Amino acid sequence: MAQKKKTTSHKIKLKKGDLVKVIAGNSKGVQGKVLQILVDADRAVVEGANIVKKHTKPSAANPNGGIIEKEAAINISNLTLIDPKTGEPTRVGRRVNEDGKIVRYAKKSGEEIK
């Protein structure tokens, strides 16, 4: 099945490795690290969130086969970044720092996000 192409695009403010909190859906309230960003689909895979069961045939990598649990992608609108200073959910802004580089910062504390 072919993936549906998006017609609009906007800046994704999350990056791989960010600590995020799920704010909507079945995994609401779960915190975890972003493992992967799917830019075309506006989705992200978050560690420990949106766990699905996948039935697998025996293979070289998994000789027994069976049912494995893995993380599925979540729409980025259902995620919010955790402020590195306060540990609370926050929005993300972009600004130019002293070196002239565009950096992300937490809107609640003003802390720069690494």
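Reading the values: rules and limits
- Residue numbers here run from 1 along each chain, matching the order of that chain's written sequence.
- Given that this is a predicted model, residues contribute local features only at a pLDDT of at least 70 and side-chain atom pairs are listed and counted only at 80 or more, while totals for whole chains, interfaces and linings are drawn from all residues.
- Excluded from the side-chain calculation are hydrogens and water; included are all heavy atoms of the structure.
- Every case where a carboxyl oxygen of Asp or Glu lies within 4 Å of a side-chain nitrogen of Lys or Arg is listed as a salt bridge.
- Put simply, DSSP H or I for four residues or longer makes a helix, DSSP E for two residues or longer makes a strand, and each gets a number counted from the N terminus.
- Three exposure classes are used, based on accessible area relative to the maximum for each residue type with a 1.4 Å probe and protein chains only: buried under 20%, partly exposed in between, and exposed over 50%.
- Among the buried residues, those of types Ala, Val, Leu, Ile, Met, Phe, Trp, Tyr and Cys that are joined through side-chain atoms within 4.5 Å form a nonpolar core.
- Whether two residues are in contact is decided by their heavy atoms, any of which lying within 4.5 Å being enough.

## Focus: the pattern of salt bridges
For the structure shown, the criterion picks out three salt bridges. The closest approach of N and O atoms between Glu69 and Lys53, which form a salt bridge, is 3.8 Å. Here Glu69 is found in strand β5 (residues 66–71), whereas its partner Lys53 is found in strand β4 (residues 51–56), with 16 residues between them in sequence. Accessibility assignment for this pair places Glu69 and Lys53 in one class, exposed. Glu88 is the salt-bridge partner of Lys108, the closest N and O atoms lying 3.5 Å from each other. Here Lys108 is found in the segment after β10 (102–106), whereas its partner Glu88 is found in the loop between β7 (79–82) and β8 (89–90), with 20 residues between them in sequence.

## Things to note about the nonpolar core
Core analysis: the largest hydrophobic core is formed by 14 residues, its most contacted members being Val20, Val46, Ile74, Leu79 and Leu81. Beyond its immediate chain neighbours, meaning those up to four positions away, Val46 contacts Val20, Gly32, Lys33, Leu35, Glu71, Ile74 and Leu79.

## Observations concerning the side chain of Asp18
Position of Asp18 among the secondary structure elements: in the segment before β1 (19–22). Residue contacts for Asp18: discarding those within four places in its chain leaves Lys13, Gly32, Lys33, Val34, Leu81, Arg104 and Ile113.

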